[in-house]
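Chain by chain, the residues run as shown.
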Amino acid sequence: MLNLNEKMVTLGTQRSVIRELFEFGKMKAAEIGAENVFDFSIGNPSVPAPASINETAVKMLSEMDPVLLHGYTSAQGDAGVRSLLADSVNRRFHTAYTADNFYMSTGAAAALCCCFHGLCNRGDEVIIFAPYFPEYTVFVEGAGAKPVIVPADTEAFQIDFDALEQAITPNTKAVIVNSPNNPSGAVYSAETIQKLSSVLEAKSKQYGHTIFLISDEPYREIVFSGINVPFLPDYYHNTLVSYSWSKSLSLPGERMGYVLVPASVDDFAQVYAAIAGAGRSLGYVNAPSLFQRVCAACADETSDISVYETNKNLLLNSLREMGYHVVEPGGTFYMFPRSLEQDDTAFAERAKAHNLLIVPGCGFGCPGHVRISYCVPTERIEKSLPAFEALANEYR
């Protein structure tokens, strides 16, 4: 008798609904041709990485000592890399961080797992605002903590503060925010962040322990029409930042990110040690050596994210003209319209008949909506519009 960890078996055999759709799309493309499948399932950037990424990688491969380039770095990341990142963040946000405020990670997922495992003890609670990236619950539960979901304000996808007040308990260890948000594209305003900070300060004082704010920021650079994304450590001193270059530099497969631990957090040295210890416990060893250096060298750049705003405007205006209700995204490359029937899973299934692959909102903790990932070639959106129209006509 094997007596395996059944939860791990389940996670290993049941893909997320996003991945299931992605795999279905590949199968359908082989059957009828990729040009006839309107796959909006996964957040895989279609915009290429800046030319400087390949140029920097080639230069390093050609000129650096291969033993150094491909060898281990310090567990927390190469010191020179972390210094470059501190310089970049300091230029952008007028801060005074040093290399010792950064812990390099294999993408934002690993950064978040280090935060949850480093901060949480069994029985602690982590508050998550719906709609949310589905893996948050997996990561929190993997750290032995309990995810507590705060329902969505579906009118603007800002924070429902009455619901938040009810959700915070003496067991609350952290609150995670994702702005710009996957899946809604919402950006939390400065007023929202200021109010959130005040609530967390008051509750930390009331319960006599620190409540951390974890800011998950893979989409920070992808914002539209001059929208400003508040830098959360400026508002709340017990903020940890989880960052990734997967979206801003179109490098999802390279798995590069970091945790920023500001010196302002309570017991900074202990918190940083907990993050590093979590990385050790989880077996991360160190983030990829080559792409630590490449990303740090290109940290002030982005891919051509203007494409996403073009796609957003085309899709938003078209869907609204067809009668879909859509809150305009302030950033990311996701849109979260209401489904045209109450059962969003049935609606997404019905969309498949038109070769439209969209993700039911129930997986994001927000039923009655669907996620459309428009980080695709603009031509795919143009070709898909008759299919969205035909789907809408079925409900008229």
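Attention here is on the structure that accompanies the text. (Residues numbered from 1 in each chain as written. Predicted model: local features only at pLDDT ≥ 70, side-chain atom pairs only at ≥ 80, totals over all residues. Heavy atoms only, no water.)

## Re helix α10 (residues 268-281)
Inference 1: When the terminal C-alpha atoms of α10 are compared, their 20 Å separation across 14 residues agrees well with the 20 Å that a helix rising 1.5 Å per residue should span.
Inference 2: Turning to α10, its buried residues number three or more, namely Val271, Tyr272, Ile275, Ala278 and Gly279. Buried residues in α10, looked at end-on, bunch into an arc of 120°, giving them a common side. Exposed and facing more than 90 degrees away from the buried side of α10 are Ala269, Gln270, Arg280 and Ser281.
Inference 3: Residues of α10 that are buried make contact with α5 (79-93), β2 (102-105), α6 (107-119), β6 (212-216), β7 (239-244) and β8 (257-260).
Inference 4: Note on α10: the residue one or two positions beyond its end, Gly283, has a positive phi of about 80°. (Helix = DSSP H or I, 4+ residues; strand = E, 2+ residues; numbered from the N terminus. Expected span 1.5 Å × (residues − 1). Buried < 20%, exposed > 50% of the residue type's maximum accessible area, 1.4 Å probe, protein only. Arc of directions from axis to C-beta. Contact = heavy atoms within 4.5 Å.)

## Details of the sheet that holds strand β12 (residues 370-373)
Inference 1: Pairing is antiparallel across the open sheet formed by 3 strands, whose spatial order is β9-β12-β11. Strand pairing shows two members of the sheet lacking a second neighbour, β9 (334-335) and β11 (359-360), which therefore form its edges.
Inference 2: Pairing of β9 with β12 involves 2 bridges; the strand directions are antiparallel. Bridge assignment links Met335 to a residue of β12, and that residue is Ile372. (Pairing = 2+ DSSP bridges.)

## Quick word on the packing of aromatic side chains
Inference 1: In the structure shown here, the tally under the stated rule is 17 aromatic pairs.
Inference 2: Centre to centre, the rings of Phe40 and Phe388 are 5.9 Å apart; their planes meet at 40°, and the pair counts as tilted. Of this pair, Phe40 sits in the loop between β1 (38-39) and α3 (51-63) while Phe388 sits in helix α14 (residues 378-393); the two residues are 348 residues apart in sequence, bridging distant segments of the chain. For the pair shown, Phe40 and Phe388 are each scored as buried.
Inference 3: Here the aromatic rings of Phe268 and Tyr272 are separated by 6.1 Å at their centres, their planes lie at 45°, and the arrangement is tilted. Residue Phe268 and its partner Tyr272 are both found in helix α10; the two are separated by 4 residues, about one turn of the helix.
Inference 4: Through successive ring pairs, a cluster of aromatic residues spans Tyr97, Phe102, Tyr243, Trp245 and Tyr258.
Inference 5: Stacked on the ring of Tyr395, the Lys or Arg Arg350 has its end atom at 4.6 Å from the ring centre. (Phe/Tyr/Trp six-rings, centres within 6.5 Å; stacked < 30°, edge-to-face > 60°. Lys NZ or Arg CZ within 6 Å of the ring centre and 35° of its normal.)

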